[in-house]
Number of protein chains: 2
Amino acid sequence: MSLKLYYDALSQPSRALLIFLKTTNIPFTGCVVNIGKGEHLTEQYKNEVSPFQKVPVIIHGDFHLTESVGILRYLCREFSVPDHFYPKDSKLQARVDEYLEWQHNNIRAGCSMYFRNKWLMPKITGEPSNEKTLAKYKCLMVDSIDTFERCWLQSNAFIAGDKISAADIWAACELEQPRMAGYDPAEGRPILSRWLSNVRAELNPYYEEAHKFLNKIVQLESKVVNAKL
Amino acid sequence: MSLKLYYDALSQPSRALLIFLKTTNIPFTGCVVNIGKGEHLTEQYKNEVSPFQKVPVIIHGDFHLTESVGILRYLCREFSVPDHFYPKDSKLQARVDEYLEWQHNNIRAGCSMYFRNKWLMPKITGEPSNEKTLAKYKCLMVDSIDTFERCWLQSNAFIAGDKISAADIWAACELEQPRMAGYDPAEGRPILSRWLSNVRAELNPYYEEAHKFLNKIVQLESKVVNAKL
């Protein structure tokens, strides 16, 4: 039964699924959806891929599924996946789930809204960011990253224990996003920095591959900032 | 092994878990945490219940778990629960998961932020709501409820098929919240209205019991509005 992944490398949960599928050797066909060009907003995408008109989406046989965390759980049931990514042990699995639910309105909301308002929207509209709105989102992002470091990274090498899990993949992909907008979550946070290095090392070469385009933008933006100084 | 639920009846995911535990006959002890009085913000709560200082939380034996959706999945593994609430069939379970992940930044974000800005914050600060902010949140809420009706309620009696699941419980509890702020999601939406009546009927008497305090506030607020007219 064929598995297709519709994704955009600039979408955090798209990258998380891409890395997860490659690391776990699940065979799939990748279908790039260029969000910047509005390819998810066509009637064809709505009718043939997803009524929600977002990425990522999988089509497994004729089963369409959206929402990366739900997709992850489905893939763990349908394919053979190393246990540590989504443990069968009830309490360990609960810890991974707890993180994946917590992140929506914390790390994900904070980092993505900051990225959106600082980097994406000015590119689309040509208007500068509203400074007050931006300050609010920066505060939300910094608070959530501080809480992440304090509550999730203190006692173990990885979020749910001494082995990497899906929670680490999803967290890392969100934390890479604001780097494009000039904010590096690892800066001044040695615990988070060490954890992120471990996550990258565990998931390479797929992690770097999935972040290739993002890292290119980070480099270009940093050149623009330096040229202005 | 004892199971404790820390909850506040004014919190949507608290009510969802309360209804789920009672409907499925899982034995537990309820521990009321009065959010309005800041009982979740004490050092004792932080150290003994949850470092995140939110509700709901469960303590099962000595295992502490936050995040209602993660708790729900854990309870379905640890206790005997009728299958339709969280189906073992992979595709049906994926559909319930898909809704539970989707709702965070749609129904939940929209309804709770509108409720917070229209009703809760003015009560706490004594200041009226900022009209511009409120209009933005109302728009987000209305959009998400419209999408909910269009994408989740068209083809079946319940969200994931012809039987009630956890997705319906979580959705209904979020949709009750803005009624306290004078907005009834069922008004002018016949499909949503019929679905909500079915959900209430399936889950009574526990649904009404969990919403008793909320319904009292709705009544009081409606008297205040009528007195002003």
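Residues numbered from 1 in each chain as written. Chains lettered and ligands numbered in written order. Predicted model: local features only at pLDDT ≥ 70, side-chain atom pairs only at ≥ 80, totals over all residues. Heavy atoms only, no water.

- Naming follows an unreviewed UniProt entry, where chain A appears as glutathione transferase of Photinus pyralis.
- Under Subcellular location (unreviewed entry), UniProt gives the following word-for-word description of chain A: "Cytoplasm". (UniProt positions renumbered as here; feature names shortened; annotations may be inferred.)

## Concerning unusual backbone geometry
Phi is mostly negative for residues that are not glycine, and the peptide bonds are mostly trans.
Then, number 1: Of note, the amide linkage connecting V55(A) to P56(A) takes the cis form, showing an omega dihedral of -5°.
Then, number 2: Assignment of secondary structure puts P56(A) in the loop between α2 (43-48) and β3 (57-60).
Then, number 3: Here N204(A) and P205(A) are connected by a cis peptide whose omega angle stands at 10°.
Then, number 4: With respect to the secondary-structure elements, P205(A) resides in the loop between α8 (190-203) and α9 (206-210).
Then, number 5: At Q53(A), a position not held by glycine, the phi torsion is positive, near 55°.
Then, number 6: Structurally, the position occupied by Q53(A) is in the loop between α2 and β3.
Then, number 7: Phi is positive for E67(B), close to 75°, though the residue is something other than glycine.
Then, number 8: Tracing the sequence through the fold places E67(B) in the loop between β4 (63-66) and α3 (68-78). (Helix = DSSP H or I, 4+ residues; strand = E, 2+ residues; numbered from the N terminus.)

## Brief notes about the sheet that holds strand β4 (residues 63-66) of chain A
All names here are of chain A.
Then, number 1: As summarised here, the arrangement of the 4 strands in space is β2-β1-β3-β4, forming an open sheet in which the pairing is mixed. In this open sheet, the two edge strands, each paired with only one partner strand, are β2 (29-32) and β4. Strand after strand, the sheet turns through a mean of 20° between neighbouring axes, direction not considered.
Then, number 2: Two elements, β3 and β4, share 4 bridges in a ladder whose sense is antiparallel. Its bridge partner being in β4, V57 is matched across the sheet by T66. (Pairing = 2+ DSSP bridges. Axes fitted to C-alpha atoms, helices over the stretch in contact; angles between N-to-C directions.)

## Some points on the relation of the copies chain A and chain B
Then, number 1: The two copies are related by a screw operation: chain A maps onto chain B through 180° of rotation and 0.0 Å of translation along the axis, at an RMSD of 0.0 Å. Seen this way, the second copy is the image of the first under a two-fold rotation axis. For chain A, the smallest separation between a C-alpha atom and the rotation axis is recorded for H104(A), amounting to 3.3 Å.
Then, number 2: Most of the interface of chain A is mirrored in chain B, where 100% of its interface residues again form contacts. (Least-squares fit on C-alpha atoms with pLDDT ≥ 70 in both. Contact = heavy atoms within 4.5 Å.)

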